[in-house]
Amino acid sequence: MITRSSQHVWQKAGGIILTALLCMSADVQAKIIDIPALKPPAIDIKTQCKMVMSSTTLPPELAKQDWKKWNGSPALTPDQLVTLGRYYSLGSEIASYDPVLAVKFLKKAAAITGLHQKRAELMLGKLYQRGEGVAQDSEEAKRLLNSAMKAGMMSATYQLAMMAEKEGSYDVAATFYQREAQNASAKALIALAVLYDEGLVVPENEHAARDNFILAQNLMLERLGRGDCNALYTIGLLYMRDKVIPRNGAVAAPWLEKAVEAGSVKSMMRLSELYKL
């Protein structure tokens, strides 16, 4: 789905896209769409990666407490409740994954009116969707995610799209993905490309899968150019999924290795999956 705003994004991608395109591997062909595989551009991780990928470290004022025994004291601000909820819902290298504790903090935050309330609803919706820390409840997940979406929480739209796709409501999923894609969401564009490529949704034109995939790729390269090294992981993952383009561990590995260098814990897990094959 190409719009004027999408074309503008392409133009902004600039030098980093050109660098990556020059690094393309011509010997790896796409499965459905004719797009050569990308190799990561030569970048200095320490100077260019402005965003910390493993962003689950607690701020100093929260790091010294044993939160598993928390019963309301010390008192926490709504933002601190959300921070702790996110921290325990993801886990990190210094804290065990504890979704039950995450739900405890997020429910407290969701009961207090404000922007943090919608952030808490978004995270709670994901936990209810997956049945982590609470009994799996699709209807409660949808209620929370719809509330967050109406408040402008962009990723709530993507979560609702994934739920609709899982339920086999592909047209509903596509509508949500298209809405999210208007916000320059690379993952929504990729999801649309997969729906089109697999014939689950009728595309607006015969080149829709290719167009969406190319735009998503360029958006991720633009993010990388701005110092958002999460794009390293996302691009590496594209070559592990065998969707639209063929699974290719030799192409995925260099992207994931760069992501690990930038501090991505989940990239390390993906690499371990590759090495087991």
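Notes on the structure in this doc start here. Here the structure is a predicted model, which is why all the values come from computation and not from measurement.

In a pair of packed helices, the angle between the axes and the distance between the axes together describe the arrangement. Where helix α5 (residues 99-110) meets helix α6 (residues 115-130), the axes come as close as 8 Å, and the angle between the chain directions of the two elements is 140°. In this structure, the crossing between α5 and α6 has a hand that is left-handed. Along its contact with α5, which presents Ala-102, Val-103, Leu-106, Lys-107, Ala-109 and Ala-110, the element α6 presents His-116, Gln-117, Ala-120, Glu-121, Met-123, Leu-124, Leu-127 and Tyr-128. For the contact of α5 with α6, the residue count by class is 10 nonpolar, two polar and two charged.

Direction vectors running N to C along α6 and helix α8 (residues 154-166) enclose 15°, while the axes themselves pass 10 Å from each other. As far as their axial angle goes, α8 and α6 are roughly parallel. Our pair here, α6 against α8, has a crossing hand that is left-handed. Side by side, α6 and α8 meet where Leu-122, Lys-126 and Gln-129 of the first sit next to Ser-155, Ala-156, Gln-159 and Met-163 of the second. Grouping the amino acids of the contact of α6 with α8 by side-chain chemistry returns three nonpolar, three polar and one charged.

Tallying each qualifying case throughout the model produces 11 salt bridges. For Lys-142, the salt bridge is made with Glu-139, and the minimal N-O distance between the two is 3.9 Å. Within this pair, Lys-142 and its partner Glu-139 are both found in helix α7 (residues 138-150), separated by three residues, close to a single helical turn. Here Glu-139 falls in the exposed class, since its relative accessible area comes to 56%. Two residues, Lys-142 and Glu-167, come together in a salt bridge whose shortest N-O distance is 3.0 Å. Residue Lys-142 is found in helix α7, and its partner Glu-167 is found in the loop between α8 and α9 (170-181); the two are separated by 25 residues along the sequence. Exposure remark for Lys-142: the relative accessible area of 22% places this residue in the partly exposed category. The partly exposed category is assigned to Glu-167, whose relative accessible area is 44%.

For the rest of this paragraph, the subject is the packing of aromatic side chains. Per the counting criterion, the structure on display carries five aromatic pairs. With a centroid separation of 6.4 Å and an interplanar angle of 20°, the aromatic rings of Tyr-88 and Phe-105 are classed as stacked. With Tyr-88 in helix α4 (residues 78-90) and Phe-105 in helix α5, this residue pair connects regions lying 17 residues apart in the sequence. Between the NZ or CZ atom of Lys-187 and the centre of the ring of Tyr-158, over which it lies, the distance is 4.5 Å.

Keep in mind that most residues, glycine aside, have a negative phi and that most peptide bonds are trans. A cis amide bond, omega 5°, links Ser-73 with the succeeding residue Pro-74. On the secondary structure map, Pro-74 appears in the loop between α3 (60-63) and α4. The phi dihedral of Asp-242 falls on the positive side, at around 60°, and the residue is not glycine. Along the chain, the position of Asp-242 falls in the loop between α12 (230-241) and α13 (249-261).

A few words on the environment of Ser-185. With respect to the helices and strands, the residue Ser-185 is situated in the loop between α9 and α10 (186-197). Residue classification places Ser-185 among the buried positions, given a relative accessible area of 8%. The sequence separation of Ser-185 and Leu-219 amounts to 34 residues, and the corresponding C-alpha distance is 7.9 Å. If near-sequence neighbours (up to four positions away) are discounted, Ser-185 is found in contact with Glu-180 and Leu-219. At a separation of 3.2 Å, a polar atom in the side chain of Ser-185 contacts the main-chain amide nitrogen of Ala-188.

Quick notes on the rules
Residues numbered from 1 in each chain as written. Predicted model: local features only at pLDDT ≥ 70, side-chain atom pairs only at ≥ 80, totals over all residues. Heavy atoms only, no water. Axes fitted to C-alpha atoms, helices over the stretch in contact; angles between N-to-C directions. Helix = DSSP H or I, 4+ residues; strand = E, 2+ residues; numbered from the N terminus. Left-handed = near helix turned anticlockwise from the far one by under 90°. Contact = heavy atoms within 4.5 Å. Nonpolar A, V, L, I, M, F, W, Y, C, P; charged D, E, K, R; others polar. Parallel < 35°, antiparallel > 145°, perpendicular 65-115°, else oblique. Salt bridge = Lys/Arg side-chain N within 4 Å of Asp/Glu carboxyl O. Buried < 20%, exposed > 50% of the residue type's maximum accessible area, 1.4 Å probe, protein only. Phe/Tyr/Trp six-rings, centres within 6.5 Å; stacked < 30°, edge-to-face > 60°. Lys NZ or Arg CZ within 6 Å of the ring centre and 35° of its normal. Polar contact = N/O pair within 3.5 Å; in protein donor to acceptor, adjacent residues only side chain to side chain.

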